[in-house]
Structures are given as C-alpha cells and as structure tokens.
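Observations on chain architecture
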Amino acid sequence: MENALQVKDLCAWFGDHQVLKNITMDIRRNSVTSVMGPSGCGKSTFIRCLNRMHDLTPGFRVAGDVLFDGRNIYSEKIDPVLLRRKVGMVFQQPNPFPRMSAFENVAVGLKFNGKKRSRAEMAETVEKSLRMAALWDELKDHLGRPGSSLSGGQQQRLCIARALAVEPEVLLMDEPCSALDPMSTAKIEELIEDLSDKYTIVVVTHNMQQAGRISDYVAFFLLGDLIEMDKAAKIFTNPADKRTEEYITGRFG
Amino acid sequence: MESIAFRRRAADRVTRGLFALSAFVVILPLFLIFFDLLWKGARELKWTLLTDLPHPVGEPGGGIANGILGTLSIAGLAMAGGIPMAVMAGIYLAEYGRGKFASAVRFAVDTLTGVPSIIMGIFGYVLWVLPMKRFSAWAAAASLAMIFIPIVVRTTEEMLKTVPASVREAALALGIERWKTTLFITVRTATAGIVTGILLAMARIIGETAPLLFTALGNQFWQSGLDQPIAAIPLQVFNYAISPYDDWHDKAWAGALVLIGMVLAISGGARYFTRVRK
C-alpha cells in the first residue's frame, strides 16, 4: 500500500474546546511529511492522535478515523500498546530515562515488550539502532554513561535510537529540533532524510526552512483546520491557498 | 545615589543575617541534645552496653542489648509489613488517584499522620493486646506500622510526582504497558526519593515510646518469641530515667545516646540516597 496512514474526518476535543476540525489526509509510506503551522494550530495534537498518546488525557475525545495498515486505530479491537510499537514517537524536549545508562535507554523498549532476548541480541539491536541514529561512533565507548549526561543533541539522537530499537514502521517527531542548537539540528535533519528510506516519518515543525529542507510533503494547519497539503516544492513555490502563502512569506504566524 | 546604594546594601545584609540566624537557631537543638548526651552518656557508653543484658539495681555493668535487638525487630516487622502497602498506596495516589476515592484516601492519610502516637498505642492495645491477652512484639509492630505507613504513603506520592510527565510519555510511546511503565520506569526513576522517605519514617518510629508502653511493655531478658513482651531502647530509657537510682540514670543517658546515634545513622543513609548523582 502506498499510504502508511490515512486520516479521515479527524476531529479532536479537549473538553468542549475543539482543537482539530475534520482533518483528512494520506501519509505516504517511506516519505517525510511535515506538519507546519503557527503555535496553537493543533499540529502537536494531530500527531499525538496518530499513536493514541492522548488516551490518558482527561477530557480528550476524538471522532473520525485514522487507518494504519487499513485498520482504524481507534477501533476497540486495537491495542494502543501494540500500535505504539509500530508508530513510535520522538518528543520536543529530549527525554532519555534519567536513571538509565545510554545502553539501557535504547534497550528498554525491547526489554519490556514481552519477547525474551539474549544479551547478545540486545547488544546487537542497540548497536544497530545507535548506528541508524548516527550516534554509535560517538557513544560506542561510553554506553554505560547515564543518558541524561549527554549533550542535548546527543540526547535527542539517543531518543531516536530508543524509538527505532522497537522497529516501528512510522516515526512521529514533535518539533524534534526546537530545543537544539543549529549544529545538532543539522544532524537530526540529515538523519531524518536518511531514515525516510526505511520509515514513514511525520515531523511537526513551525520552522518553514526546516520543513522545506527535509520534507517530501507538507501539511499546513491553521486553527485546527488543515488548510492544504501537497508536495513540499508545490507548497513553497505555488501554494493553492492564500493563507498558506501569507504564512510562508512571513506575513503572519 | 551613594546613600541609596548604602541603604540597599545595609538592608540586604540585615535580611540575610536574619535568615542565617534563624537557620542557626533551628539546628541548635540538635547540637545541644547531642553534646549533652555525649557528656552525660559517655560514662556508661561501654562495649558491654551494646552486648549485655540489663543487670539488677546496684549490680554494676549490664547493657541494653535486648533493647537494641527489640527495637530493631519491632521496627523491622513494622517496615516489612508497612513498606509494600505504603509504597503501593503511594503509587496508586500518584499514578492513578484522580477521583473522589483518592482525595478521601489523601485526606485520611494526612489525618493519620497527625494522630498522636499514644493513640496508636492505645489502638494497638485494644486491637491486639486485649484479644491475645498478652503484650507482644506483634502488637508493638502493628502500632508503629500505623505511624510508619501514612508517612511513607505521602512521601512516595510526592516523590513520584516529581518524575516529569515526559518520562511516562516516553515509556508509553515505546509501547510499554502502563503497569510496566509505572513499576519499572516511573518508580525506578523515583527510587532514591522513595527510599529516603522510608528511612526518614524509620528514624521516626525507632524513637517512639508512647505506643510501646501499651504494646511492647518491655522485657529484662532475651526475647523468646514475637508473641511475648519485648524490650525496646526507648522503653529502657524511660524506665531507667524515672527510676530513683543514679547508675540507672547514667544508663538512661547512654541508652538515649545509642538511640540518637541510630537516628543519625539512618538520616545519614537518607542523605546518601538523595545525594546528587553525576
């Protein structure tokens, strides 16, 4: 199937406040899709709907469908725990587990997902994940260091490695660079491009340059509405909607 | 300009001085108690104090070994029963406790923390000593557990609440079940704080005397069973101190010194667990 995720008429509420209004979009497999828009437009809420991270938020409610592999993830038959192993997430603030070493941070998802693995298998997966996250060379001799003692950029790549270790199909990234310096940002952006060969990546950003650099597709959100979604080149050169044009030319937001 | 700067500096110094003075006055009692005990207890602070049974009046020597053992067994029993229950209740309040039941539990636990310890003693007496028709280590441990548990419930809850939501989110996003996230990620992150709370609560119950008067009763000999009256350091200190004999008074001071030493050691242990880790 071409699409990893299909979103149909997705609405979301916190209490009485509607934050997403009839969002419909297809997310292409093995591509980078950016979700862009000003603060408060619902972009973070939106990607958190894609792995049911809102399940435990009191007062949160969704309507509509999100199809993953053709099945609605909000159906009662879907176990959110299994869903999240297939749809991983990286957060805005790097959040390695504070009392764990770098190695344990990457291994933790495997350790708790029920399947028994030997030490050697664990070590192999940790190495593979750290390599994919472009962190292995820097970290291979310091795997016992606490994850929280790494630099911000390294912590974020550690979080990416941690997410990759459970072998997801989709990786959701909620403003993964907004807490990082330009050098670390460049590394993460490069990483996103590399990873998109194998993974479907959805990135939230309010940085248009970033969206332009890394995306195959861009979705522009405004006040809970999806204004338009298209190939990145099209959005940045010839947007269909006047509001998108105003946003990307810096006239608001 | 200069005079304003001078006044500002003066005001700054005065307030800082007041804060520092208050801090000094706060720690003063600890030093007074400790040095007074050292002064008066040193005479009887011998090795035999820690190894020997009490001797009858007039007979020199003798120790509080059975009291030390008794205090450790009562506190140990209270903690063995109390820790799992208290920590799990704390986890419930921190991780799941949103509704009315949880607020009721919180209120009850806070109230329990404030209940005077002698009432816990009377309660232990009515609940355990009367039906079993004898004073016992079990009754004493139950009374101390009722003091211990509410303290640990609330410290566990507070410590778990200091774990950032981002840690729980990260675990859930990896597809780790909620109960595993709670037990193996969140609790693990807060372990040092939880252990500290347990140790401070332990220091608190180790010195409790009032509940033991109604439950442990005391004992001049080695313990023969947990269903028998049991010796404890605070009880021995109490009995020696109200006696009319000088050598018993000295032993009371020495016993108090041992007790303070234990509390200091436990607090030191608590500091060790909360030390900043690099």
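Let me begin by describing the structure that accompanies this report.

To continue, consider the overall build of chain B. Of the regular secondary structure elements, chain B holds twelve helices and zero strands. In sequence order, the secondary structure elements of chain B are arranged as α-α-α-α-α-α-α-α-α-α-α-α. Each of the three principal axes of chain B carries a C-alpha extent, and together these read 70 × 65 × 35 Å. Across the 278 residues of chain B, 41% fall into the buried class. For chain B, the share of sequence-separated contacts (at least 6 apart) that also reach a separation of at least 24 residues comes to 74%. Surface exposure of chain B reaches about 15,000 Å², of which carbon and sulfur atoms provide 72%. Where the 25 positive side-chain charges of chain B centre and where its 17 negative ones centre are 11 Å apart.

Time to look at the side chain of A:Asp241. Its location among the elements puts A:Asp241 in the loop between helix H9 (232-237) and helix H10 (242-248). Dropping the residues within four chain positions of it, A:Asp241 is found in contact with A:Ile227 and A:Glu228.

This next bit is on the sheet that holds strand S7 (residues 170-174) of chain A. Residue and element names in this part refer to chain A. Within the open sheet, the six strands sit side by side as S6-S7-S8-S3-S9-S10. Their pairing is mixed. Since the sheet does not close on itself, it has two edges, and those belong to strand S6 (87-90) and strand S10 (225-231), each with one partner. Taken pair by pair, the neighbouring strands of this sheet meet at an average axis angle of 15°, ignoring direction. Across five bridges, strand S3 (residues 32-36) lies against strand S8 (residues 200-205) in parallel orientation. Counterpart to Ser34 in the pairing with S8 is Val203.

For the rest of this paragraph, the subject is the interface of chain A and chain B. Accessible area lost upon the coming together of the parts is a frequently used measure of interface size. In this complex, chain A contributes 26 residues to the contact, which on the side of chain B involves 21 residues. When chain A packs against chain B, the two sides together hide about 2,100 Å² of surface, and 65% of this comes from carbon and sulfur. The largest per-residue losses of area from chain A upon contact with chain B belong to A:Leu56, A:Arg99 and A:Phe112, which jointly make up 33% of the total buried on that side. One can count three salt bridges joining chain A with chain B. The residue B:Glu177 makes a salt bridge to A:Arg85 at a minimum N-O spacing of 3.5 Å. The interface formed by chain A and chain B contains six residue pairs in polar contact (both at pLDDT 80 or more). Of all the elements in the fold, those that place two or more residues in the side of chain A that touches chain B are helix H2 (80-86), S6, helix H3 (102-111) and helix H6 (152-165) of chain A. When its residues are assigned to classes, the side of chain A that touches chain B shows 15 nonpolar, five polar and six charged.

The next point concerns the pattern of salt bridges. Tallied over the entire structure, the rule returns 26 salt bridges over all chains. For A:Arg48, the salt bridge is made with A:Asp174, and the minimal N-O distance between the two is 4.0 Å. Of this pair, A:Arg48 sits in helix H1 (residues 43-49) while A:Asp174 sits in strand S7, and the two are 126 residues apart along the sequence. The class for A:Arg48 is buried, based on a relative accessible area of 14%. Across the pair B:Arg154 and B:Glu158 runs a salt bridge whose closest N-O atoms are separated by 3.6 Å. Of this pair, B:Arg154 and B:Glu158 both sit in helix H6 (residues 137-161), four residues apart, which is roughly one turn of the helix. You can call B:Arg154 buried: its relative accessible area is 18%. Here B:Glu158 falls in the partly exposed class, since its relative accessible area comes to 38%.

A word on unusual backbone geometry. Residues and elements named next belong to chain A. The phi dihedral of Asp9 falls on the positive side, at around 50°, and the residue is not glycine. Note that Asp9 resides in strand S1 (residues 3-14). Taking the relative accessible area as the measure of exposure, Asp9 reaches 45% and is therefore partly exposed. Its identity is not glycine, yet Arg52 carries a phi of approximately 55°, on the positive side. Relative to the helices and strands, Arg52 resides in the loop between H1 and strand S4 (60-68). Note on Arg52: relative accessible area 12%, which makes it buried.

Turning next to the packing of helix H4 (residues 100-114) of chain B against H6(B). Residues and elements named next belong to chain B. Running from amino to carboxyl end, H4 crosses H6 at an angle of 130°, the nearest separation of the two axes being 8 Å. When the interaxial angle is binned, H4 and H6 end up oblique. In this structure, H4 meets H6 at a crossing whose hand is left-handed. Of H6, the residues touching H4 (which contributes Arg106, Val109, Asp110, Leu112 and Thr113) are Pro150, Ile151, Val153, Arg154, Glu157 and Lys161. Taken together, the residues of the contact of H4 with H6 sort by class into five nonpolar, one polar and five charged.

Rules and cut-offs
- Sequence order as written defines the numbering, with residues in each chain counted from 1.
- Here every chain gets a letter starting at A, and every ligand a number starting at 1, in the order they are written.
- Two thresholds apply to this predicted model, a pLDDT of at least 70 for residue-level local features and 80 or more for giving and counting side-chain atom pairs, whereas whole-chain, interface and lining totals are computed over all residues.
- Side-chain descriptors were evaluated using all non-hydrogen atoms of the structure, hydrogens and water having been removed beforehand.
- For helices the rule is a DSSP run of H or I covering at least 4 residues; for strands it is a run of E covering at least 2, with both sets numbered from the N terminus onward.
- Partly exposed residues are those whose accessible area sits between 20% and 50% of the maximum for their type, while under 20% is buried and over 50% is exposed, using a 1.4 Å probe and protein chains only.
- Any two residues whose heavy atoms approach within 4.5 Å are treated as being in contact.
- Computed with the Shrake-Rupley method and a 1.4 Å probe, the accessible areas treat only the protein chains shown as cover for residues.
- Just so you know, the count uses Lys and Arg for positive and Asp and Glu for negative, and it drops His and the chain ends.
- By convention, the charge on Lys lies at NZ, on Arg at CZ, on Asp at CG and on Glu at CD.
- Strands pair, by our definition, only if DSSP identifies at least two bridges between them.
- Fitted lines through C-alpha atoms serve as axes, helices being fitted only where they are in contact, and the angles separating the N-to-C directions of these axes extend from 0 to 180 degrees.
- Take the accessible area each of two parts loses on contact, using a 1.4 Å probe, and add the two losses: that sum is the buried area.
- One side-chain nitrogen of Lys or Arg within 4 Å of one carboxyl oxygen of Asp or Glu is enough to make a salt bridge.
- Pairs of N or O atoms within 3.5 Å make up the polar contacts considered here, provided that, within protein, one atom can donate a hydrogen while the other can accept it, and that residues adjacent in sequence are counted only when both atoms are side-chain atoms.
- Classification convention: Asp, Glu, Lys, Arg as charged; Ala, Val, Leu, Ile, Met, Phe, Trp, Tyr, Cys, Pro as nonpolar; all other residues, Gly among them, as polar.
- Should an angle lie under 35 degrees it is considered roughly parallel, over 145 roughly antiparallel, and from 65 to 115 roughly perpendicular; all remaining angles are considered oblique.
- It is the rotation of the near helix from the far one that decides the hand of a crossing: anticlockwise by less than a right angle makes it left-handed, clockwise makes it right-handed.

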